[in-house]
Amino acid sequence: MNEPDWKGALAEAFEHALAYLEGLPARPIPAPANLAELRAALGGPLQERPLEAREVIEDLVLTADPGVVASGSGRFFGFVIGGATPAALAADWLASTWDQNAGLYVIGPSASVVEEVAGEWLAELLGLPMGVSVGFVTGAQMANFTALAAALHDVLRRAGWDLAADGLWGAPRIRILAGQARHGTIDRALRFLGVGKAAIVEVESDDQGRMKPEALAALLEEGESPAIVCTQVGNVNSGAIDPVGEICEIAHRHGAWVHVDGAFGLWAAASPRLRPLLTGVELADSWATDAHKWLNVPYDSGLAFCAHPDAHRAAMGIRAGYLMHSAGGERDPLDYNPEHSRRARGFAVYAALRALGREGVTELVERCCALAGRFADQLAAADNIEVLNQVVLNQVLVRFRAGDGDDDAYTHRVIERVQNDGTCWMSGTTWQGRAAMRISVSNWSTDEADVDSSVAAILRSARE
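Not measured: the values here are computed from a predicted model.

Calculation rules
By convention here, each chain's residues receive numbers from 1 onward along its written sequence. Note on the predicted model: pLDDT of at least 70 is required for a residue's local features to be given, and 80 or more for side-chain atom pairs to be given and counted; whole-chain, interface and lining totals, by contrast, use all residues. With hydrogens and water stripped out, all remaining heavy atoms of the structure feed into the side-chain values. Surface patches are defined over residues having more than 30% relative accessible area and no salt bridge, joining like charges when they lie within 9 Å and nonpolar side chains (Val, Leu, Ile, Met, Phe, Trp, Tyr) when within 5 Å. With residues, only the protein chains shown are counted as cover, and all accessible areas are computed by Shrake-Rupley using a 1.4 Å probe. Salt bridge, as used here, is a side-chain nitrogen of Lys or Arg placed within 4 Å of a carboxyl oxygen of Asp or Glu. Going along the chain from the N terminus, every DSSP run of H or I of four or more residues is numbered as a helix, and every run of E of two or more is numbered as a strand. Each residue gets one of three labels from its accessible area relative to the maximum for its type: buried under 20%, exposed over 50%, partly exposed in between, using a 1.4 Å probe on protein chains only. Side-chain atoms within 4.5 Å are what join buried Ala, Val, Leu, Ile, Met, Phe, Trp, Tyr and Cys residues into a set we call a nonpolar core. Contacts are residue-level and defined by heavy atoms, with any inter-residue pair within 4.5 Å sufficient. Within this scheme a cavity is a closed region of a 1 Å grid, computed over the protein atoms alone, that accommodates a 1.4 Å probe without allowing it to escape, whereas a pocket is open but has protein on both sides within 12 Å along at least five of seven lines; lining residues each have an atom within 4 Å of a point. Grid points are joined across faces, edges and corners, and a volume is the space filled by probe spheres set on the points. Each residue gets one label: Ala, Val, Leu, Ile, Met, Phe, Trp, Tyr, Cys and Pro are nonpolar, Asp, Glu, Lys and Arg are charged, and the others, such as Gly, are polar. Expected helix span is computed as 1.5 Å times (number of residues minus one). What the arc measures is the spread of directions leading from the helix axis to the C-beta atoms. If DSSP finds at least two bridges between two strands, the strands pair. Note on handedness: a clockwise path from strand one over the helix to strand two, with the strands aimed away from the viewer, defines a right-handed crossover.

Taken together, F14, L18 and W93 make up a surface patch of nonpolar side chains, about 270 Å² in accessible area. In this fold, F14 is placed in helix α1 (residues 6–23). Assessed through its relative accessible area of 37%, F14 is described here as partly exposed.

Put into C-alpha cells, the structure is as follows:
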C-alpha cells in the first residue's frame with residue numbers, strides 16, 4: 001500500500017486552521033478580495049506536473065484566504081448562520097479522515113449508529129414524539145424536501161394512490177396550505193418534488209408573520225382534496241412562531257398532514273423558558289431543522305424528522321441487488337434521506353451534543369435570544385432607528401429613518417456602510433414592503449462585547 005506523507009499536508013492545514021480560528025475575534029468580517037482578484041489568484045491553467053501536498057495547501061491558504069468571509073465570527077449576524085464549536089469541528093475533521101460512506105450500515109457501522117443515537121437525543125431534546133425517524137441531510141432546504149416527500153407519499157396513499165409506482169401524473173390534486181410569510185425553501189422543495197407552486201394556497205398571516213388558525217380553518221373547509229399544511233417555527237425575518245398546536249388540531253380534523261419548517265426556531269424547544277412558544281409542536285407529522293444554525297456544527301447538517309417512519313422510508317428508501325442491505329436491526333441511513341453515497345455528517349452532531357449536554361444547548365439558545373434583545377434595546381433607544389418586530393427569538397429587524405423621507409434608500413446605505421466597516425456583518429431584507437436590516441444572533445461565541453461593538457458600528461454608520 002502506498003504510504004504518502006500525511007503529516008506534512010495535515011500539519012500545514014492544522015497550523016493555518018488554528019491561526020484562522022484564533023484570529024477570528026480580531027479579523028474583519030468581509031472578504032477583502034474582489035472577484036477579479038480571486039479569479040486571478042486561484043485561476044489559470046492546470047499545471048502538467050504533480051505538486052507536493054503541503055505546497056498545495058500552503059498555496060491554497062495564500063490565495064483563498066482573502067476571499068473567506070469570517071462567518072464563524074461572533075460578530076457575524078447575517079442570515080441565520082452559526083459557527084462551529086471546537087468539538088463539532090474536530091469531529092468533522094475526523095469524519096473526513098475516516099471517510100465513511102454513510103449510506104449503508106455495512107460500509108459505515110459507526111456512522112450509522114452515531115446518527116441513530118444522535119437522532120434519538122435530538123428528538124428528546126426538541127420535544128418530538130418517541131420513535132420518530134430522522135434523516136441527516138445537507139441543510140434545511142433538503143430537510144423540507146425530505147419531509148414533504150414523505151408527506152406526499154402518505155396523503156396520496158390515504159387517497160388510494162401509489163406515488164412510488166405511478167408518480168404524480170394523474171394523481172389526486174393536493175393542496176399545500178402555507179403561510180404568506182413562509183420561507184422560500186418550501187416553494188423550492190415543492191418545485192423539486194414536481195408539485196408546483198400553483199398547488200400552494202396561501203394562508204393569511206398576522207403582522208409578525210404568524211399563520212392565522214382561523215384563516216386556515218376556513219380554507220380547509222372549502223375543499224376535500226388531500227392537504228398538507230406547512231407551518232413555521234421561527235420566521236426568517238421576525239423570528240415569529242406559528243401557533244403550531246392549534247394549527248395541528250385544525251389540520252388533523254380535516255385529515256391533513258402538518259409539516260413544521262423549524263430551520264432555526266425548533267431549537268427553542270430545547271429551552272424550558274422558550275418551549276411554551278412551541279406548544280403543540282409534537283403533534284405535527286414532520287419537522288425540518290438545521291444543526292448548523294443553533295447547534296453550531298460545520299456545514300452541512302440538516303435534519304428531517306418524521307412521526308411516520310413507514311412513510312419516511314417509503315419516500316426515501318431504495319432496494320437493489322448490488323446493495324448489501326441490513327438484515328437485522330441495523331439502520332441503513334439511505335432509507336431516510338435523498339442521498340445515496342454521502343459523508344458521515346452525524347459525527348459532528350453527536351460530538352456537539354456530547355460537548356454541550358442538555359444544559360449547554362439550553363444556555364446557547366437562551367443566550368442568543370438575550371443578546372438579540374440587547375441589540376433591540378440599544379438600537380430602539382437611538383434616534384431615527386426603529387425596531388420592526390417583536391423580538392421573541394434571535395432575530396431583530398431594524399429600519400433607519402431618513403431626513404428626506406426616503407427610509408428605504410437610507411436603510412440600504414446604512415447596511416452597506418456596516419458591511420464595509422468590517423466590525424460586524426448584517427444582511428438586508430424586505431419586511432412587509434419596507435427595507436430593513438436583519439440581525440440574526442446564532443453563533444455560540446457571541447458575547448455582550450460583540451453586541452456592544454456592533455451597535456456602535458451601526459450607529460456610526462447611521463451618522464455618516
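In this structure, F375, M437 and I439 are the most contacted members of the largest nonpolar core, which totals 84 residues. For this core, the element with the highest residue contribution is helix α12 (residues 346–380), accounting for 14 residues. Ignoring any residue separated from it by four or fewer positions in sequence, one finds I439 in contact with F77, F375, L379, N394, Q395, V396, V398, M426 and I458. Judged by nonpolar contacts, the second largest core, of 26 residues, contains A149, L163, A199 and W257.

What follows is about empty space enclosed by the protein. Under the defined criterion, the tally for this structure stands at two cavities of 30 Å³ or more. If you add up the space inside the largest cavity, you get close to 40 Å³. Every residue along the wall of the largest cavity is listed here: G179, A181, R182, S205, G209, M211, C230, T231, Q232 and D242. Tallying contributions element by element places strand β4 (residues 227–232) first for the lining of the largest cavity, with three residues. A per-class count over the lining of the largest cavity returns three nonpolar, five polar and two charged. Reported here for the second largest cavity is a volume of approximately 30 Å³. Along the walls of the second largest cavity sit D92, P298, Y299, D300, S301, R343, R345 and A348, which together make up its complete lining.

The terminal C-alpha atoms of helix α5 (residues 109–125) lie 24 Å apart, and with 17 residues this matches the ideal 24 Å at 1.5 Å per residue to within 8%. For α5, every residue scored as buried is listed here: A111, S112, V114, E115, A118, G119, L122, A123 and L125. For α5, the arc enclosing every buried residue in end-on projection is 160°, short of the 170-degree limit, so these residues lie on one face. Exposed residues pointing more than 90 degrees away from the buried face of α5 are listed as E120 and E124. As for α5, its buried residues are in contact with β1 (133–137), β7 (302–306) and α12. Just downstream of α5 lies G127, where phi reads positive at about 75°.

The next subject is the pairing of strand β3 (residues 200–203). Here strand β2 (residues 175–179) runs beside β3; their pairing, made up of four bridges, is parallel. The partner of G179 across the bridge, within β3, is V203. Since β2 and β3 lie parallel, the crossover through helix α8 (residues 184–192) that links them has a hand, and here it is right-handed.

Another point: the pattern of salt bridges. This model, assessed by the stated rule, comprises 22 salt bridges. Across the salt bridge formed by R54 and E12, the nearest N and O atoms sit 2.8 Å from each other. With R54 in helix α3 (residues 53–64) and E12 in helix α1, this residue pair connects regions lying 42 residues apart in the sequence. Of the charged contacts, one joins D450 and R75 as a salt bridge, the two residues approaching to 3.8 Å between their closest N and O atoms. Separated by 375 residues along the polypeptide, D450 in helix α14 (residues 448–463) and R75 in the loop between α3 and α4 (86–98) bring together distant segments of the chain. Overlapping salt bridges, with partners in common, bring together E115, R331 and R342 in one network.

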